[in-house]
Amino acid sequence: SIPPRTSARPRIAVSRTRPPAFVQALAEVLDAELVPMGSAGVKVISVTRDITDAYVHAGGQYEWDNAAPVAVARAAGLHCSRVDGSELVYNQENVSLPDLIVCRPELAEPILAFIREHGTD
C-alpha cells in the first residue's frame, strides 16, 4: 500500500536539464513544487519512495527507460498511464513510449484533467 504523503504540497519530479513548460504550468495549477532529478527510472522510483508525488513526461522515452520502474510503481499501488489516461503497453514492435504519468492515485484525475484541457506542448 501507498504510505501517506509527507509533504503538504504535491511534488513533481522533473528533468534537471530540460523540464517541460507544461509541467511548470501543471505545478502552478496544483500548487506543486518541482523537484529536479536524473534519469526516468529515478523519477519513477522517487514517487514510490515519497520523495515526489508525481512524474509526468511527454518528451518520448524507450520502453527500457521505464518498464521496470513502472512495474515497481504499479506494485506499490500508484497510478501509471499514458498522458491521455490509457494503459502503458510494453514489448511492442516500436519500442518508443511517447509519454507517461506515474503518480499517487489522488493526483491522477487532476493531472489528467489538466492535460486534457491544456495538452503537453
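Residues numbered from 1 in each chain as written. Predicted model: local features only at pLDDT ≥ 70, side-chain atom pairs only at ≥ 80, totals over all residues. Heavy atoms only, no water.

Peer 1: For this particular structure, what's the right way to read the pattern of salt bridges?
Peer 2: Working definition: two side chains of opposite charge can pair if their charged atoms are close together. If you walk through the whole model with that rule in mind, you get seven salt bridges. A salt bridge links Glu87 to Arg74; the nearest nitrogen and oxygen atoms lie 3.1 Å apart. Linking Glu87 in the loop between β5 (79-81) and β6 (96-97) with Arg74 in helix α3 (residues 63-75), this pair joins segments that are 13 residues apart in sequence. Salt-bridge contacts for Arg104 lead to Glu106; the nearest nitrogen and oxygen are separated by 2.8 Å. (Salt bridge = Lys/Arg side-chain N within 4 Å of Asp/Glu carboxyl O. Helix = DSSP H or I, 4+ residues; strand = E, 2+ residues; numbered from the N terminus.)

Peer 1: Sorry, what's going on with the environment of Gly59 here?
Peer 2: Along the polypeptide, Gly59 turns up in the loop between β3 (54-57) and β4 (61-62). C-alpha separation for the pair Gly59 and Ala21, spaced 38 residues apart in sequence, amounts to 11 Å.

Peer 1: Honestly, the state of the cysteines in this entry has me stumped. Any pointers?
Peer 2: Inspection of the entire model under this criterion finds zero disulfides. The cysteine Cys80 is free of any disulfide, with Cys103 supplying the nearest cysteine sulfur at 8.0 Å. We classify Cys80 as buried; its relative accessible area is 10%. (Disulfide = S-S within 2.5 Å. Buried < 20%, exposed > 50% of the residue type's maximum accessible area, 1.4 Å probe, protein only.)

Peer 1: What is the right way to read the pairing of strand β1 (residues 11-15) from this model?
Peer 2: The side chains of a regular strand alternate, first on one face of the sheet and then on the other. With five of its five residues buried, β1 lies for the most part within the structure. Where β1 lies against strand β2 (residues 33-37), five bridges are found, and the strand directions are parallel. Across the sheet, residue Val14 finds its bridge partner in β2, namely Pro36. Taken together, β1, helix α1 (residues 21-30) and β2 constitute a β-α-β crossover, and its handedness is right-handed. Where β1 lies against β3, two bridges are found, and the strand directions are parallel. (Pairing = 2+ DSSP bridges. Right-handed = clockwise from strand over helix to strand, strands pointing away.)

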